[in-house]
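Inside the fold
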Amino acid sequence: MKILGIETSCDETAAAVVEDGQKILSNVVVSQIDIFKDYGGVIPEVAARSHLEVIMPVIKKALKDANCGWDDIDAIAVTHAPGLLGSLLIGTLTARTLAILHDKPLYAVHHLKSHVYANWLSDQTPAFPLLALVISGGHTQILYMRAHNDFKIIGTTRDDAIGECFDKVAKILGLPYPGGPSIAEAAKAGNENKYQLPHPRVENLDFSFSGLKTAVLRAVQKELNLPISHPSHDLKNHLTEQQINDFAASFQRAAVEILIEKLQKALEMYPDVQSVVVAGGVSANQALRDALPEAYFPEPKFSGDNGAMVAAAAYYEIQSGVKPTDPYKLNIYPRISIES
Ligand code: KG4
Ligand code: ZN
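With that out of the way, let us pick up the nonpolar core. Core analysis: the biggest nonpolar cluster contains 53 residues, and Leu 173, Leu 212, Val 220 and Phe 251 have the highest contact counts within it. Counting residues per element, this core draws most heavily on helix H8 (residues 241-269), which supplies 13 residues. Leaving out residues up to four positions away in the same chain, Leu 212 has contacts with Cys 165, Leu 197, Pro 198, Phe 251, Ala 254, Ala 255 and Ile 258. Residues Ile 3, Leu 130, Met 309 and Ala 314 belong to the second largest nonpolar core, which totals 32 residues.

Below you can see the structure in the form of structure tokens.
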């Protein structure tokens, strides 16, 4: 079964053709990073417009690379939640139109589910029950998965998502957007033991990352002997390259440690778990990969947003008996939980 997966929930326009949830026939991703680099973050209106400009060329290329015509495609899958409203609209409206035009069954997929299913895009697949650590720009959750398409949230962030924290800390340090890759790069030349950053005390399996961001801010101000009233956007002008690298490395170490502490706690609470999978943009992080040698990670190119994971998620939904949605009625949900 060949599924065309379409993803536009944030700032990547992506489409892919995947056979039987695993064999990647094509994978096309157009990132808007170059547009948003100068702004230090995504501007929703601009993101929606650029999705519209490239979505049809991206889909056409995905079909061409896969050597497929519309007759070869068995179903269309698209991200309908959660994400930026305008971005989700462009992807879903395009998918709805194509489904009607070419008379294909249409599947609406939750974005976090897709991220998790990036771990099924390879020969070695994880065993159930499992824990999924989903870490992206918008989410930080630990999910318990008893079987395919069966998700229970057992931990979530109470404030910022971890990717958001990487992005905000990068901004303080004057490193380019998106912060994750630029912090990881700067950290390579830094001393991760230089600055001691506190781990938040949050009960159960929940996370909190806004305190870590503030801790970095205070540590930078202290290092520079500047008062806490000093504007955060100006701090970067006073830091040396070595200080920036040391802050990046110390922050990355704290972020990785916080994730691992909670994961260990979750494993103690769910002793029947057979495997751990990590997913979402932050799962590209090499320090985290090194710290979790036994966990499943997607290939780095499938850590961030892509269409292949959407097609894989839809395939397993179909296997679990999920029926296609009515293309005339499909709705978007910018903020909906994976459990609903
Ligand atoms: O999953 P994703 O592409 O989009 C969302 O669904 O949010 O995740 C984007 C996030 C950004 O915050 C970015 O800084 C982070 O993933 N990220 C990383 C790395 N690569 C991307 N964070 C840490 N280390 C990385 N290597
Ligand atoms: Zn994502």
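Every one of the 19 residues lining ligand 1 counts as a neighbour, but His 115, Gly 137, Asp 167, Gly 180 and Gly 281 are closest to it. At a separation of 3.0 Å, an oxygen atom of ligand 1 approaches a polar side-chain atom of His 115. Between ligand 1 and Asp 167, the relevant distance is 2.8 Å, taken from an oxygen atom to a side-chain nitrogen or oxygen of the residue. With the chains in place, 86% of the 550 Å² that ligand 1 exposes on its own is no longer accessible. Elements represented by at least two residues in the shell around ligand 1 include exactly helix H4 (111-117), helix H5 (162-173) and helix H6 (179-187). Taken together, the residues of the shell around ligand 1 break down into five nonpolar, 12 polar and two charged. Domain assignment of the residues forming the shell around ligand 1 places at least three in each of domain 1 (2-122 + 300-319) and domain 2 (130-291).

What follows deals with the environment of Val 310. With respect to the helices, strands and loops of the structure, Val 310 is situated in helix H10 (residues 308-319). Exposure remark for Val 310: the relative accessible area of 0% places this residue in the buried category. Sequence spacing of Val 310 and Ala 48 is 262 residues, and the spatial spacing of their C-alpha atoms is 19 Å. Ignoring anything within four residues of it in the chain, the contact list for Val 310 reads Gly 5, Ile 6, Glu 7, Ala 77, Val 78, Thr 79, Val 109 and Ser 114.

For the zinc ion (ligand 2), every protein donor is listed as His 111 (NE2), His 115 (NE2) and Asp 305 (OD), and the spread of their distances is 2.0 to 2.1 Å. Here His 115 falls in the buried class, since its relative accessible area comes to 1%.

Assigned domains within the protein chain: domain 1 (2-122 + 300-319) and domain 2 (130-291). In this structure, domain 1 and domain 2 have C-alpha centres spaced 27 Å apart. Each partner contributes residues to the interface: domain 1 has 21 residues there, and domain 2 has 21 residues. At the boundary of domain 1 with domain 2, total buried surface from both sides reaches about 1700 Å², with 68% on carbon and sulfur atoms.

Think of an α-helix as turning once every 3.6 residues; residues three or four places apart then point the same way. Within H6, the full set of buried residues consists of Gly 179, Ser 182, Ile 183, Ala 186 and Ala 187. With its buried residues spanning 135° around the axis, H6 presents them on a single face. Of the surrounding secondary structure, the elements contacted by the buried residues of H6 are H5 and H8.

This next bit is on the packing of aromatic side chains. Scanning all chains against the criterion turns up 10 aromatic pairs. Taken together, a centroid distance of 6.5 Å and an interplanar angle of 55° make the contact between Phe 36 and Tyr 39 tilted. According to the relative accessible area criterion, Phe 36 is buried, its value standing at 0%. Overall, Tyr 39 belongs to the exposed group, its relative accessible area being 51%. One aromatic cluster in this structure is built from Tyr 117, Trp 120, Phe 128, Tyr 315 and Tyr 316.

On to the packing of H6 against H8, then. One way to put it is that H6 packs onto H8 with a least axis distance of 7 Å and a crossing angle of 110°. Between H6 and H8, the crossing angle belongs to the class labelled roughly perpendicular. Here H6 runs over H8; the crossing is left-handed. Residues Ile 183, Ala 184, Ala 186 and Ala 187 of H6 pack against Asn 245, Ala 248, Ala 249, Phe 251 and Gln 252 of H8. Here the residues of the contact of H6 with H8 sort into seven nonpolar, two polar and no charged.

Turning to the packing of H5 against H8, a few remarks are in order. The packing of two helices is summarised by the inter-axis angle and the distance between the axes. As a packed pair, H5 and H8 sit with axes 11 Å apart at the nearest point and diverge in direction by 165°. Taken together, the axis directions place H5 and H8 in an arrangement best described as roughly antiparallel. The crossing of H5 and H8 is right-handed. Taken together, the residues of H8 that come into contact with H5 (itself represented by Ile 162, Cys 165, Phe 166, Val 169 and Leu 173) are Ile 244, Phe 247, Ala 248, Phe 251, Gln 252, Ala 255 and Leu 259.

Moving on: the pairing of strand E6 (residues 130-135). In terms of residue burial, E6 counts as a mostly covered element, since six of its six residues are buried. Neither face of E6 is exposed, since Leu 130, Ala 132 and Val 134 on one face and Leu 131, Leu 133 and Ile 135 on the opposite face are all buried. Two elements, E6 and strand E7 (residues 140-145), share six bridges in a ladder whose sense is antiparallel. From the neighbouring strand, Val 134 faces E7, where its bridge partner is Gln 141. Two successive antiparallel strands, E6 and E7, enclose a turn made up of four residues. Here E6 runs beside strand E9 (residues 275-279); their pairing, made up of five bridges, is parallel. Each residue of the ladder has a partner; that of Leu 131, found in E9, is Val 276.

What counts and what doesn't
- For every chain, the first residue of the written sequence is number 1, and numbering continues from 1 along that sequence.
- Chain A is the first chain written and ligand 1 is the first ligand written, with later ones labelled in order.
- Totals for whole chains, interfaces and linings use all residues, but because this is a predicted model, local features are given only for residues with pLDDT of at least 70 and pairs of side-chain atoms are given and counted only at 80 or more.
- Values shown for side chains rest on all heavy atoms present in the structure; no hydrogens or waters enter the calculation.
- What we call a nonpolar core is a set of buried Ala, Val, Leu, Ile, Met, Phe, Trp, Tyr and Cys residues that are connected through their side-chain atoms within 4.5 Å.
- Throughout this description, buried means an accessible area under 20% of the type-specific maximum (1.4 Å probe, protein chains only), exposed means over 50%, and partly exposed covers the range between.
- Numbering of helices and strands runs from the N terminus, with a helix taken as a DSSP run of H or I at least four residues long and a strand as a DSSP run of E at least two residues long.
- Contacts: residue pairs with any heavy atoms within 4.5 Å of one another.
- What makes a residue near a molecule or strand is one non-hydrogen atom of that residue sitting within 4 Å of it.
- We define a polar contact as two N or O atoms separated by no more than 3.5 Å, with the added condition that, inside protein, one atom must be a possible hydrogen donor and the other a possible acceptor, whereas residues neighbouring each other in sequence contribute only through side-chain atom pairs.
- In these tables, accessible area is a Shrake-Rupley quantity obtained with a 1.4 Å probe, and a residue counts as shielded only by the protein chains included in the view.
- Nonpolar residues are Ala, Val, Leu, Ile, Met, Phe, Trp, Tyr, Cys and Pro. Charged residues are Asp, Glu, Lys and Arg, and all others, Gly as well, are polar.
- For the domains described, the bounds stem from an automatic or database domain assignment.
- Note that water is not among the atoms considered, so a metal site may appear incomplete; the donors listed are N, O and S atoms within 2.8 Å of the metal, with 3.2 Å applied to Na, K and Ca.
- Accessible area that two parts lose when put together, evaluated with a 1.4 Å probe and summed over both, is termed the buried area.
- The arc under discussion is defined with respect to the helix axis, by the directions toward the C-beta atoms.
- Planes of paired rings set the category: under 30 degrees apart is stacked, over 60 is edge-to-face and the rest tilted, where pairs are Phe, Tyr or Trp rings (Trp by its six-membered ring) whose centres lie within 6.5 Å.
- For helices, the fitted line uses only the C-alpha atoms of the stretch in contact; every axis is such a line through C-alpha atoms, and the angle between N-to-C directions lies from 0 to 180 degrees.
- Oblique is the label for every angle not falling under 35 degrees (roughly parallel), over 145 degrees (roughly antiparallel), or within 65 to 115 degrees (roughly perpendicular).
- The hand of a helix crossing depends on one turn: near helix anticlockwise from the far one by less than a right angle means left-handed, and clockwise means right-handed.
- In this analysis, strands are considered paired if DSSP registers two or more bridges between them.

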